[in-house]
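# Structural overview
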Amino acid sequence: MTGVDLPQVVDNMAKPDVPEPWLPWLATAKTAGAIGLLVGLAVPAVGGAAAIGVILHFAGAVITHLPAKDYARAPAVALTLLPTAALLPTAALLLRAAST
């Protein structure tokens with residue numbers, strides 16, 4: 001038992017051979033990133049770090065799903081990567097501003 005009770009999530013992760021015990025950790029990372037982005041509205045350094053974490057999370061998802069030829073999610077991936085690419089300069093600026 002992995003703690004993930006959504007069959008759709010488990011099925012989506014089966015094709016790229018993501019081990020089921022990883023699913024709660026991936027969900028926790030995604031949730032922490034979302035919370036960090038919200039906290040980042042008040043604390044820019046946290047927002048910048050969270051933005052980088054979310055970008056890395058989704059980049060890892062793309063790297064995992066593409067070799068498995070799991071193209072069913074391609075439109076969602078494209079819609080995720082476009083705003084993510086736009087966030088990169090913003091995250092860099094936030095981190096630079098926080099360090100000064």
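Whatever comes next refers back to the structure up there.
About the criteria used
- Residues numbered from 1 in each chain as written.
- Predicted model: local features only at pLDDT ≥ 70, side-chain atom pairs only at ≥ 80, totals over all residues.
- Heavy atoms only, no water.
- Helix = DSSP H or I, 4+ residues; strand = E, 2+ residues; numbered from the N terminus.
- Buried < 20%, exposed > 50% of the residue type's maximum accessible area, 1.4 Å probe, protein only.
- Contact = heavy atoms within 4.5 Å.
- Lys, Arg positive; Asp, Glu negative; His and termini not counted.
- Charge placed at Lys NZ, Arg CZ, Asp CG, Glu CD.
- Expected span 1.5 Å × (residues − 1).
- Axes fitted to C-alpha atoms, helices over the stretch in contact; angles between N-to-C directions.
- Left-handed = near helix turned anticlockwise from the far one by under 90°.
- Nonpolar A, V, L, I, M, F, W, Y, C, P; charged D, E, K, R; others polar.
- Patch = residues over 30% accessible without salt bridge, like charges linked within 9 Å, V, L, I, M, F, W, Y side chains within 5 Å.
- Areas by Shrake-Rupley, 256 points an atom, 1.4 Å probe, with all protein chains shown as cover.
- Salt bridge = Lys/Arg side-chain N within 4 Å of Asp/Glu carboxyl O.

## Points about the overall build of the protein
Looking only at helices and strands, one finds four helices and zero strands in the protein. Tracing the protein from N to C terminus, the helices and strands come up as α-α-α-α. Its C-alpha atoms put the protein at 45 × 25 × 15 Å along the principal axes. Split into buried and exposed, the 100 residues of the protein put 21% on the buried side. Restricting to contacts in the protein with at least 6 residues of sequence separation, those with at least 24 account for 54%. Positive and negative side-chain charges in the protein, numbering 5 and 5 respectively, have mean positions lying 15 Å apart.

## Topic: helix H3 (residues 44-65)
Compared with the 32 Å implied by 1.5 Å per residue over 22 residues, the 31 Å span of H3 between its first and last C-alpha is a close match. Taken together, the buried positions of H3 are occupied by Gly 47, Gly 48, Ala 50, Ala 51, Val 54, Ile 55, His 57, Val 62 and His 65.

## A word on the packing of helix H2 (residues 23-39) against H3
Between H2 and H3, the least distance of the axes is 8 Å, while the angle of their chain directions is 150°. When the axes of H2 and H3 are compared, the crossing they make is left-handed. Listed contacts from H3 to Leu 26, Ala 29, Lys 30, Gly 33, Gly 36, Leu 37 and Val 39 of H2 are Val 46, Gly 47, Ala 50, Ala 51, Val 54, His 57 and Phe 58. Looking at the contact of H2 with H3, its residues break down into nine nonpolar, four polar and one charged.

## What about a nonpolar patch on the surface?
Residues Ile 35, Val 39, Val 43 and Val 46 make up a contiguous nonpolar surface patch of about 290 Å² in total accessible area. In this fold, Val 39 is placed in helix H2.

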